[in-house]
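Structural description and commentary
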Amino acid sequence: MKNLIDIKRLEKSEIERIVELAQEFKTGVRQSSVAGKTACLMFFENSTRTKISFDLASQRLGMNVIHFDGASSSLSKGESRKDTFDNLKAIGIDTVIVRTKEDGFIDNSLKELAAPFSFVNAGDGVTAHPTQALLDYFTMREKLGTVAGKKVCIIGDIAHSRVAKSNFALLSKFGARLHAVAPSYFKPAKTDFPVHYHDSLEEGIKGADVVMLLRVQKERLEGAFNSENYIKKYQLNSEILNEYAPNALLMHPGPVNRGVEITSELLDGEKGKTILEQAHNGVFVRMAVLEIINTEGKA
Ligand code: CP
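In short, a report on the structure. (Residues numbered from 1 in each chain as written. Predicted model: local features only at pLDDT ≥ 70, side-chain atom pairs only at ≥ 80, totals over all residues. Heavy atoms only, no water.)

When its secondary structure is counted, the protein shows eleven helices and nine strands. Here the C-alpha radius of gyration of the protein, 19 Å, is about what a compact globule of 299 residues would show, namely 19 Å. Taken over the C-alpha atoms alone, the protein extends approximately 55 × 45 × 35 Å along its principal axes. Among the 299 residues that make up the protein, the fraction classed as buried is 52%. The contacts of the protein with a sequence gap of at least 6 include a subset with a gap of at least 24, amounting to 78%. Approximately 12900 Å² of the protein is accessible, and the part contributed by carbon and sulfur atoms is 49%. Here the protein carries 39 positive and 38 negative side-chain charges, and the mean point of each set is 2 Å from the other. (Helix = DSSP H or I, 4+ residues; strand = E, 2+ residues; numbered from the N terminus. Rg over C-alpha atoms; globule rule 2.2 N^0.38 Å. Buried < 20%, exposed > 50% of the residue type's maximum accessible area, 1.4 Å probe, protein only. Contact = heavy atoms within 4.5 Å. Areas by Shrake-Rupley, 256 points an atom, 1.4 Å probe, with all protein chains shown as cover. Lys, Arg positive; Asp, Glu negative; His and termini not counted. Charge placed at Lys NZ, Arg CZ, Asp CG, Glu CD.)

Quick look at the structure:
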């Protein structure tokens, strides 16, 4: 594994290797073999969890961490993307971790480069967020043992969600039963996976083993969005969750919009604790990804 671009391109065995290695890092039985390598964090979109956890993961592995700031870089003086990457490679960067609004940014960049680079996709456009799906899977495995045969219901803005797409890609490989709750304007025009869509929140989550909420991404919406109507129909609270999916694991990739997709009382209660565990697990999963990428898959 030289790059991590999209879950769709990983074999099941590669995903299992990542989560097993993450478990070894979490329990402290595994040491880094990539100390001294250099990671460059290139975030063109805002981020808290992904950026900080990649930074911490790199540091825990003993890697050097460079923060690339687009606005203060020579990109702002007209330097091309190709020249930027070729120079970063010449300077000594081993892995670029990139978040961008551009779908397919890494594939587009790889086509242009003089020498191959190691890239990790930290979220591109509305296409893929592979490390989020990996940490979600790690958390589900930790809590449920397996996802095979389990009902996983993702609720919200599926059309604009790279998290939902990467989760569907991963979970379908491992035999989960995929469900989604979304109003028609948040349903993607086409879907690559066998997802059963519901308009009713109660019907969608009924008997679910995992309920995953998504933030409405207002920054990606073109038309007006009526949050009052959305809240009335799709907001999850403790009462609904306890009635229809009392045993479900409650997940959210973050950031959360309190009072929109979820009530504060549910988020701050016992069920909401898994959401912070997802963020915690993200560090170990990203350590595993960086270890594997920087040893060309031989970790
Ligand atoms: N889940 C996620 O990608 O969060 P950030 O945007 O804060 O990184």
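Continuing now.
Turning our eyes to something else, we now look at the packing of aromatic side chains. Enumeration over the complete set of coordinates arrives at ten aromatic pairs. Measuring from ring centre to ring centre gives 6.3 Å for Phe44 and Phe68, while their planes differ by 75°; the resulting arrangement is edge-to-face. Of this pair, Phe44 sits in the loop between β1 (38-43) and α2 (49-60) while Phe68 is found in strand β2 (residues 64-68), placing the two residues 24 residues apart along the sequence. A residue is classified by how much of its surface remains accessible, and Phe44, at 34% relative accessible area, is partly exposed. Under the relative-accessibility criterion, Phe68 is labelled buried at 14%. One residue, Arg81, lies across the ring of Phe105, its end atom 4.7 Å from the ring centre. The aromatic ring of Phe117 is capped on one face by Lys89, whose charged end is 5.5 Å from the ring centroid. (Phe/Tyr/Trp six-rings, centres within 6.5 Å; stacked < 30°, edge-to-face > 60°. Lys NZ or Arg CZ within 6 Å of the ring centre and 35° of its normal.)

Within the structure shown, the criterion is met by one cavity of 30 Å³ or more. The calculated volume of the largest cavity comes to roughly 60 Å³. Lining the largest cavity are Arg49, Ser53, Gln132, Leu135, His252, Pro253, Ile275, Gln278, Ala279 and Arg286. Of all elements in the fold, only α2, α5 (130-144) and α11 (273-293) reach the threshold of two or more residues within the lining of the largest cavity. Ranked by residue count, the leading element in the lining of the largest cavity is α11, at four residues. Taken together, the residues of the lining of the largest cavity break down into four nonpolar, four polar and two charged. Counting contributing residues per domain, the lining of the largest cavity is built from domain 1 (7-128 + 279-295) and domain 2 (130-275), each supplying no fewer than three. (1 Å grid on protein atoms, 1.4 Å probe; cavity = no way out; pocket = protein on both sides within 12 Å on 5 of 7 lines; lining within 4 Å. Points joined across faces, edges and corners; volume = space filled by probe spheres on them. Nonpolar A, V, L, I, M, F, W, Y, C, P; charged D, E, K, R; others polar. Domains from an automatic or database assignment.)

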